[in-house]
Amino acid sequence: MTRYAMLIDLNTCVGCNACMAACAIENQTPVWKNVWRTYVHDQEIGIGNDVRRRFFPRLCNHCENPPCLTVCPTGATYQRPDGLVLIDDNLCMGCGACEMACPYRARYELTYTDIREGKVFYGNLRRTSPGYDKCNFCAQRIDAGRKPACVETCVGASRLFGDLDDPHDYVAKMAASGIAQPLMPQLGTRPHVYYINEMKRDV
Amino acid sequence: MEVNVTYETQHLWTTWFAVYLYLGGLGAATMTITFLTDMYLKSHKTLAIWGALTGLMMVGGGSALLFIHLANHAAVVHVLNPLAIFFKPDAWIAWGTQFISWMMIASLLYILPYMIESPVLTKLPLIKTKIVSRLGSVAGSGNLHKILGMLAALSGLGVAVYTGLLLQSFPAVALWNNPGVPILFTVSAFSTACALLILIMHTFMGRDEQDNLLRRLYERADILLLATELLVIFLFYMYLTRGSISARVSADLLFHDLGWLLGFIGLGLLTPFLLELKSIFSGGHGGNHISTIAAAIFVLIGGFLLRDYFMAAGIYVYPT
């Protein structure tokens, strides 16, 4: 069995935002209103002279126990056996319950206006109906044997993609070792995006 | 993992959604109470018609509000499908939509035989048609009429509970994600419904002396419901002020806000509770017509404030 997961090493993310650009082009996200499937937060942490800068990439966590799936009334949000949490555009009526349920703010609304503007912006827009959208781990690329666009484009190899059920996989090893940890595990969502926290260092 | 967090309220389901929850709960509970009254307490056709029509308008209005806010209106057909609850038994919106649909259909059929006999409503063009008359006489026959009434009443109860269960299903927000919410919203729905019926009986229905017993029953039921609501609010205070970060920030928002303290708890719960209690101790409500109406209006205002504040004070703790 395959259970896809992403590992993000905060030590090697340089904040170039290439992942955001690659994702936007691959998945035709509404960038004109500053909405992204993946976003890199630029943070300053600390006080006084002891301040450091950290880049913190965020995206849908493809939870094993996704709250967005249970609240979806039409079955538009579904989970594949390989762990990917996806949206069926045709079934989504855009009630917003998934956005309300997501503790990671991974979802966004696509309106009729967005569909119209998307056609102008991207030319050949794949999505035809409004509703909700989020990261799909580039399912179309995974199914074609490729890596997600953000992983492939990452210049610092900060993002790695792997299989949690493969004991030889680096991502699985880091997750199992506890060095890589998910966000807010106390919520019981069992996210499939793991982070290696930055080491404290002087620059 | 060590992360920075931000505390944020949501801007998606705001006051318009509070209106939906309010109208849904109030309308559904009104129908449930009037139909159960008509079936098991006192046969009262006028009350059943009033309850059903006001309930239908409220639930219909609330549902229309929700429909307007959908991103993809055409896809609503997937949730209107009765099989939706089998495909998605874990989604409360699917259950709620079915409860609302069945409640509206069953309640219309339940009051149809009464509407046909009503001298006022028979003046409406549709009521006089042969199809409606035939449908009315079939729906009014013996067991079927009772089955329709029970279906509408139980679906109404389902709608009232659903409004709370929907909020409970969002795990990120401590204010919503606890079993107190469905209890609070259900109690509030029935309390506001009692208040609405008291108001209708004291104003539009001409204060028929024969209805005195029913009015007193609704008043006493409302006192019990208001007392329960006050108790649940106290329990929420204890839970929120000693809970997680999300809960504590919600508690700060609610219990430092004069609108919540004076508007909801003071005007919407305590004042009507005391007014209705005074009415009981003064031996009925013969001379307390104004205070009874005022108490009912306060309860109705409080019911809306509860939902509006609940939507506004839900705190997400986002990692950033």
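Every chain is numbered on its own, with residues counted from 1 as its sequence reads. All chains are assigned letters beginning at A, and all ligands numbers beginning at 1, according to the order in which they are written. Owing to the predicted nature of the model, reporting of local features is limited to residues with pLDDT of at least 70; listing and counting of side-chain atom pairs is limited to 80 or more, with chain, interface and lining totals taken over all residues. Hydrogens are left out, water is left out, and the side-chain values use all remaining heavy atoms of the structure.

A. Main features of a nonpolar patch on the surface. Residues and elements named next belong to chain B. In this scheme, patches are assembled from residues that exceed 30% relative accessible area and form no salt bridge. Like charges are connected within 9 Å, while nonpolar side chains (Val, Leu, Ile, Met, Phe, Trp, Tyr) are connected within 5 Å. Shrake-Rupley sampling with a 1.4 Å probe provides the accessible areas, and residues are treated as covered by the protein chains on show and by no other component. Basic side-chain nitrogens of Lys or Arg form a salt bridge, by our definition, when they fall within 4 Å of a carboxyl oxygen of Asp or Glu. Residues Val5, Tyr7 and Ile245 make up a contiguous nonpolar surface patch of roughly 270 Å² in combined accessible area. Numbered from the N terminus, helices here are DSSP runs of H or I no shorter than four residues, and strands are runs of E no shorter than two. Note that Ile245 resides in helix H10 (residues 245-255). Type-normalised accessible area, obtained with a 1.4 Å probe on protein chains alone, sets the label of each residue: buried when under 20%, exposed when over 50%, and partly exposed for intermediate values. On the basis of relative accessibility, which here comes to 44%, the residue Ile245 falls in the partly exposed class.

B. View of the interface of chain B and chain A. Counting residues at the interface gives 33 residues for chain B and 46 residues for chain A. The term buried area refers to how much accessible surface (probe radius 1.4 Å) is lost by two components on association, counted for both of them together. Taken together, both faces of the contact between chain B and chain A bury some 3,200 Å²; the carbon and sulfur share is 61%. Summed over the three residues of chain B that lose the most area to chain A, namely Met1, Ala71 and Pro319 of chain B, the buried surface amounts to 21% of that side. For the pair chain B and chain A, the number of links is one salt bridge. Here Arg105 of chain A ties to Glu8 of chain B by a salt bridge, and the two come within 2.4 Å at their closest N and O atoms. In this analysis, two residues are considered to be in contact whenever any of their non-hydrogen atoms come within 4.5 Å of each other.

C. Helix H1 (residues 15-41) of chain B, seen in detail. Expected span of a helix: the number of residues minus one, times 1.5 Å. Here H1 of chain B is 27 residues long and its end C-alpha atoms lie 37 Å apart, about the 39 Å a rise of 1.5 Å per residue gives. Burial analysis of H1 of chain B places 21 of its 27 residues in the buried class, the great majority of the element.

D. Molecular detail of the packing of aromatic side chains. Centre distance within 6.5 Å is the pairing criterion for rings of Phe, Tyr and Trp, where only the six-membered ring of Trp is used; planes under 30 degrees apart are then read as stacked, over 60 as edge-to-face, and the remainder as tilted. If you walk through the whole model with that rule in mind, you get 26 aromatic pairs over all chains. Each ring, one from Phe121 of chain A and one from Tyr122 of chain A, has its centre 4.9 Å from the other, and the planes form 75°; the classification is edge-to-face. Look at Trp260 of chain B and Phe310 of chain B: their rings are 6.3 Å apart centre to centre, the planes differ by 40°, and that puts the pair in the tilted class. Of the two residues, Trp260 of chain B is situated in helix H11 (residues 258-281) and Phe310 of chain B in helix H12 (residues 289-312); the sequence distance between them amounts to 50 residues. Given the relative accessible area of 1%, Phe310 of chain B is considered buried. Here the aromatic residues Phe185, Phe236, Tyr237, Tyr239, Phe255, Trp260, Phe264, Tyr309 and Phe310 of chain B are joined through ring pairs into a cluster of three or more. In our convention, an over-ring charge means Lys NZ or Arg CZ found within 6 Å of a ring centre and within 35 degrees of that ring's normal. When the ring centre of Tyr318 of chain B is taken as origin, the NZ or CZ atom of Arg105 of chain A, which lies over that ring, is 4.2 Å away. The ring of Phe185 of chain B carries the charged tip of Arg307 of chain B above its face, separated from the ring centre by 5.0 Å.

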